[in-house]
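# Structural features, examined
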Amino acid sequence: MLDTRISRRAALMGAGAAAAWLASPARALLQAAGRMEVPGFVNDLVGRMTLEEKAGQLSLMASAWGGGAAAALNPPSDSNFPKQLEETRQGQLTGVFNGNGARMARIMQTAAVKESRLKIPLIFAADIIHGHRTIFPVPLAEVSSFEPELARRTAEVAAFEAAGAGIDWNFAPMCDVARDQRWGRGVEGGGEDPLLGSLFAAARVHGFQGSDFKSNEHFLACVKHFAAYGAAEAGLDYNTVDISERTLREVYLRPYKAGFDAGALSAMASFNEISGIPATGNHWLLTDLLRGEWGFQGFVVSDYTGDEEMIKHGYAKDGRDAARIAFLAGVDMSMQSGLYRMYLPDLVRSGEVPEATLNTSVRRVLAAKHMLGLFEDPFRRIDEKREKSRSMLPRSRAVARESGRKSIVLLKNEGDLLPLPRSGKKIALIGPFASGQHDLVGPWVVYGSDANAVSLETGVRAAVADKNSIIAVEGSKVEQAIPGGIDQAVAAAQAADIVVLAIGESQGMSGEAQSRADIVLPKPQQDLAEAVAKTGKPIVVVLKHGRALALEGAVKDAPAILATWFLGTETGNSIADVLFGAYSPSGRLPASFPHLSGQQPYFYAHKTTGRPNPDPKLDDYKARFRGITNTALYPFGHGLTYGKIAYSDFAISGPSLPMTGEISVSARVTNSGKRAAEEVVQLYIHDRVGSVTRPVRELKAFRKVKLEPGQSEVVRFTLKRDDLLFYGVANTPTVEPGTFDVWIAPSAEAEGVHGTFELTA
Ligand code: BGC
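Since the structure is predicted, the reported quantities are computational estimates derived from the model, not experimental observations. All chains use their own residue numbering, which begins from 1 and follows the written sequence. Only residues with pLDDT of at least 70 are given local features in this predicted model, and only at 80 or more are side-chain atom pairs given and counted; all residues enter the totals for whole chains, interfaces and linings. With hydrogens and water excluded, all non-hydrogen atoms of the structure serve as input to the side-chain values.

### Description of the environment of Ser144
Rules: Helix and strand definitions here come from DSSP, where helices need a minimum of 4 consecutive H or I residues and strands a minimum of 2 consecutive E residues; each element is numbered from the N-terminal end. Contacts are residue-level and defined by heavy atoms, with any inter-residue pair within 4.5 Å sufficient.
Checked against the element boundaries, Ser144 lands in the loop between helix H8 (139-143) and helix H9 (148-163). It is 43 Å that separates the C-alpha atoms of Ser144 and Ala112, two residues lying 32 residues apart in sequence. What Ser144 contacts, discounting residues up to four positions off in sequence, is Lys406, Ser407, Val409, Trp565, Ser586, Gly587, Arg588 and Pro590.

### Things to note about the side chain of Lys544
Threshold: Burial status follows relative accessibility: with a 1.4 Å probe on protein chains alone, a residue under 20% of its type maximum counts as buried, one over 50% as exposed, and anything between as partly exposed. Counting rule for charge: Lys and Arg are taken as positive, Asp and Glu as negative, and neither His nor the chain ends is counted. Counted as salt bridges are all cases of a side-chain nitrogen of Lys or Arg within 4 Å of a carboxyl oxygen of Asp or Glu.
In this structure, Lys544 sits in strand S15 (residues 539-544). Buried and without a salt bridge, Lys544 has Asp439 as its closest oppositely charged side chain, separated by 8.1 Å. Beyond its immediate stretch of four places on either side in the chain, Lys544 contacts Phe433, Asp439, Leu440, Ile503, Gly504, Glu505, Thr564, Trp565, Phe566 and Thr571.

### Brief notes about the sheet that holds strand S14 (residues 498-504)
The condition that has to hold: Note on pairing: DSSP must find at least two bridges between two strands before they are called paired. Orientation is described by lines fitted to C-alpha atoms, with helices fitted over the stretch in contact, and by angles between N-to-C directions that extend from 0 to 180 degrees.
With respect to topology, six strands assemble into an open sheet ordered S11-S16-S15-S14-S12-S13, the strand pairing being mixed. Edge strands, defined here as strands with exactly one partner in the open sheet, are strand S11 (409-413) and strand S13 (470-473). Strand-to-strand twist of the sheet, defined as the mean angle between neighbouring strand axes without regard to direction, takes the value 15°. Summarising the sheet, S14 and S15 pair through six bridges and their orientation is parallel. Following the sheet pairing, Gly504 is matched in S15 by Lys544.

### With respect to the pattern of salt bridges
Any two side chains of opposite charge can pair, on the condition that their charged atoms come close. Within this structure, the stated rule accounts for 52 salt bridges. Of the charged contacts in the structure, one is a salt bridge between Glu87 and Lys83, with a shortest N-O distance of 3.7 Å. Here Glu87 pairs with Lys83, and both are found in helix H6 (residues 81-89), just four residues apart, close to one helical turn. Between Arg185 and Glu512 there is a salt bridge, with its nearest N and O atoms 3.5 Å apart. Highlighted residues: Arg185 in the loop between strand S4 (169-170) and helix H10 (194-209) and Glu512 in the loop between S14 and helix H21 (523-533), separated in sequence by 327 residues.

### Concerning helix H16 (residues 355-371)
For clarity, the cut-off: Between the first and last residue of a helix there are one fewer steps than residues, each counted as 1.5 Å, and that sum is the expected span.
If you check H16, its first and last C-alpha atoms are 24 Å apart, about what 17 residues at 1.5 Å a residue would give, namely 24 Å. Among the residues of H16, those classed as buried are Leu358, Asn359, Ser361, Val362, Arg364, Val365, Leu366, Ala367, Ala368, Lys369, His370 and Met371. Immediately downstream of H16, the backbone of Gly373 shows phi near 85°, a positive value.

### Considerations on the sheet that holds strand S27 (residues 738-745)
Read across the open sheet, the five strands follow the order S20-S28-S27-S22-S23; overall the sheet is mixed. Here the strands that pair on one side only, and so sit at the sheet edges, are strand S20 (656-658) and strand S23 (698-707). On average, adjacent strands in this sheet sit at an angle of 25° to one another, irrespective of strand direction. For S27 and strand S28 (residues 753-760), the ladder comprises seven bridges, and the chain directions are antiparallel. What sits directly across from Val742, in S28, is Gly755.

### Side note on the confidence of the model for the protein
For clarity, the threshold we go by: Each residue carries a pLDDT value, the predictor's own confidence for that position, ranging from 0 to 100.
Residues of the protein with pLDDT of at least 70 account for 94%, and the chain-wide mean is 94. Below pLDDT 50 for its whole length, residues 1-31 participates in 28 contacts with residues either more than four positions away or in separate chains.

### Some details on the domain arrangement of the protein
Let me state the cut-off plainly: The start and end points of each domain follow an automatic or database-based domain assignment. Buried area is a sum: the accessible area each of two parts loses on coming together, probed at 1.4 Å, counted once for each and added. Pairing of N or O atoms within 3.5 Å defines a polar contact, subject to two protein rules: one partner must be a possible hydrogen donor and the other a possible acceptor, and residues neighboring in sequence count only if both atoms are side-chain atoms.
For the protein, the assigned domains are domain 1 (39-388), domain 2 (395-590) and domain 3 (645-760). Its C-alpha centre places domain 1 at a distance of 38 Å from the equivalent point of domain 3. Counting from both sides, the interface comprises eleven residues of domain 1 and, opposite them, 13 residues of domain 3. Note on domain 1 versus domain 3: buried area summed over both sides is about 1100 Å², and carbon and sulfur give 58% of it. Contact with domain 3 buries surface across domain 1, with Phe146, Arg246 and Glu250 losing the most and accounting together for 52% of the total. In this assembly, domain 1 and domain 3 are joined by two salt bridges. The partner of Glu250 in a salt bridge is Arg694, and the shortest N-O contact between them spans 2.8 Å. Our count for the contact surface shared by domain 1 and domain 3 stands at six residue pairs in polar contact (both at pLDDT 80 or more). Of all the elements, helix H11 (residues 245-261) adds the most residues to the side of domain 1 that touches domain 3, at four residues.

### Brief notes about unusual backbone geometry
Trans is the prevailing form of peptide bonds, just as negative phi is the prevailing case for residues other than glycine. Across the junction of Ala172 and Pro173, the peptide omega takes the value 10°, indicating a cis bond. With respect to the helices and strands, Pro173 occurs in the loop between S4 and H10. Here the amide bond leading from Gln600 into Pro601 is cis, since omega sits at 0°, within 30 degrees of zero. Along the chain, Pro601 turns up in the loop between strand S17 (593-594) and strand S18 (632-634). The phi torsion at Asn98 lies on the positive side, around 50°, for a residue other than glycine. Take Asn98: it is sitting in the loop between strand S2 (95-97) and helix H7 (102-115). A relative accessible area of 8% means that Asn98 is categorised as buried. In the Ramachandran plot, Asp649 falls in the positive-phi region, its phi being about 55° despite a non-glycine side chain.

### Some words on the environment of Ile311
Take Ile311: it is sitting in helix H13 (residues 309-313). Spatially, the C-alpha atoms of Ile311 and Ala367 are 31 Å apart, while their sequence positions differ by 56 residues. If we skip the residues at most four places from it in the chain, Ile311 touches Ala316, Lys317, Asp318, Gly319 and Ala322.

### What to know about the packing of aromatic side chains
Rule in force here: Any two rings among Phe, Tyr and Trp, with Trp reduced to its six-membered ring, count as a pair given centres within 6.5 Å; such a pair is stacked if its planes are under 30 degrees apart, edge-to-face if over 60, and tilted if neither. Criterion for a charge above a ring: Lys NZ or Arg CZ within 6 Å of the ring centre, and within 35 degrees of the ring normal.
As enumerated under the stated definition, the model contains 21 aromatic pairs in all. Here the aromatic rings of Tyr238 and Phe271 are separated by 5.4 Å at their centres, their planes lie at 75°, and the arrangement is edge-to-face. With Tyr238 in the loop between strand S5 (220-226) and H11 and Phe271 in the loop between strand S6 (266-269) and strand S7 (273-274), this residue pair connects regions lying 33 residues apart in the sequence. On the basis of relative accessibility, which here comes to 36%, the residue Tyr238 falls in the partly exposed class. The class of Phe271 is buried, set by a relative accessible area of 6%. What links up through ring pairs into an aromatic cluster is the set Phe97, Trp169, Phe171, Phe299 and Tyr304. Directly above the aromatic system of Phe603 lies the positively charged group of Arg179, at a separation of 4.2 Å from the ring centroid.

### Quick notes on the packing of H10 against H11
This is how it is decided: Relative orientations are named as follows: roughly parallel for angles under 35 degrees, roughly antiparallel for angles over 145 degrees, roughly perpendicular for angles from 65 to 115 degrees, and oblique for any other angle. For any pair of crossing helices, the crossing counts as left-handed if the nearer helix is rotated counterclockwise from the farther one by less than a right angle, and right-handed if it is rotated clockwise. In the scheme used here, Gly and all other residues not listed as nonpolar or charged are polar, with Ala, Val, Leu, Ile, Met, Phe, Trp, Tyr, Cys and Pro taken as nonpolar and Asp, Glu, Lys and Arg as charged.
Running from N to C, H10 and H11 point in directions that differ by 20°, and their axes come no closer than 7 Å. Taken as axis vectors, H10 and H11 run roughly parallel relative to one another. Considering the relative orientation of H10 and H11, their crossing is right-handed. Here Pro194, Leu195, Gly197, Ser198, Ala201, Ala202 and Val205 of H10 lie close against H11, whose contacting residues are Glu250, Val251, Arg254, Pro255, Ala258 and Gly259. Within the contact of H10 with H11, the residues separate by chemical class into eight nonpolar, three polar and two charged.

Pasting the structure below:
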């Protein structure tokens, strides 16, 4: 009784304090800087909480409401909704994730703010990885656009739909650099390059969070999976990461840092260990580095049962030990294991966990809820009508179509086979992805539906003058042959002028726990491609994939190849825009396509070794494989346009760059083709001699320029000392005087134009 009275007054005080803060001009500034402010009422509240309530505030569970793709992806351990409501009333839950819509959120939030002792609002989280109802290209695809601003816009639409449907907190962006294409989760991230990944991480945080945390058009971003989850040995998901601190800092940590610098106020610890210590129990990572060195002020959540998994890692002896280790390392909130609410109260009572540390974590979580506006209005994002009215608006679908076509990479276009004519030719669409609405949206879609997605056949039929000029034949399932399927496909190809071969991976072949030992096309589809190629008809391969692939045989040899990934709701329209030339492809690979699977991990920014092979020649006793060079078939940054692009006239402002000055480099980029083109002009450097060896090339900048037929433009970049930093012998950023190569080029392995300069002391 007494507690209830106090809590009502506290809630009122909280509302007053919150209103004053809302009016304060400092708010926007703090938010932009990733600052977390703990208002006085939060301290009051913490003072009133029991140890059990505090541990409850640090316990997040999968929604028990049931149904939906979320439940299949992450089955709640106990799908008893009435029980979860009771836990809410008892203050045993901080919130739930991947629930099913605003109605569920309303029921739960009502229980929290009307029936729990302290009336602390719940937080609703979800994995909105590439769209809520309108599904955008998978993150890796979108990075192919080399347009971070596009990612900001799709993130903004995703937030608009999802926050309108009751979601306060998004488990994205995924900022893991992925350099091994066997790893299935590369599809969720920013590719192999730390600069590109960082720019997209920051753009996504800006899109999700906007400039006002309290807005019901935005939600809290969560930088994940911290850290180096993508460096798993052999690309095997969840596997060990054993890495030097230098590579960690120079490559893997950068996109996370960019996400935090952009203002993300939550982080998710990764499943993997790093050099012997699981990330979830890694005090150096989660406290010394994240908070001490980087000044992160938000809160850290474990990944799904990540704390409990330290038992299997062999790092904790039981659940109690795991809770203690994770908490003391810096994991504020436990996801799904329930270990915190089971053990933290007792760990405090026994003195193993200081109550002050517990209070700090609770304060962070409550402050985040406050910043999201949940104390002022716990229902601000929960509205069943708005959930529907914001869903899949035409303008959102337009962004999906635009982002779809900008995510497509033209790998090859011999004889200018593409774009295809809209009339006068019969086209056979062949392959498991020729028709149907399966495998369009891509992995990690919790709330979107296949039924809303535009198939390739639908998109193509809408683009051509005569719908009867199109015939679609499946030919093969993704991983299984269809009896008679190849014969039907060959007959269709023979009756057509052009074949569009839609083949690749199903969406279930990438994503979490979907590592592949061999990154080739499944055999039934390769057989289909070989048979269709024998007809001699011109083939445009339209690849569907969640990773860079090792292409073989007739697929590799086809005259035209489009890398189309998983493009989401507007897939068919986006591909048709490119196929028929309504849009001239402008995407570039964010991950290198190797010659063979066995080259993995392959990435452009590798070291030279003491015995570099003189590619493309194969020399003896050099760093190469039997029979092939260790280069890419299609490297990072590669992508063609419908124009004809040439690089010339390298110019540099001087022979040397003084430590405090800058140097400008430029190239002339010309489109001598008959069609307009958008070229992604890339700047790479190589530091020839260092106290620590340097990669053969590093991307330092890029610019997308639009060139009309016959147009030419001088593209200029500026380099300063700070662009040349690397982690030296002492693992701190440094530069050393010496010679640098610089290229302005269309990909990481193309020569483009080249020059050198000296960095002088
Ligand atoms: C994944 C996370 C995800 C979480 C919650 C885990 O299995 O690793 O990326 O956010 O589940 O759905």
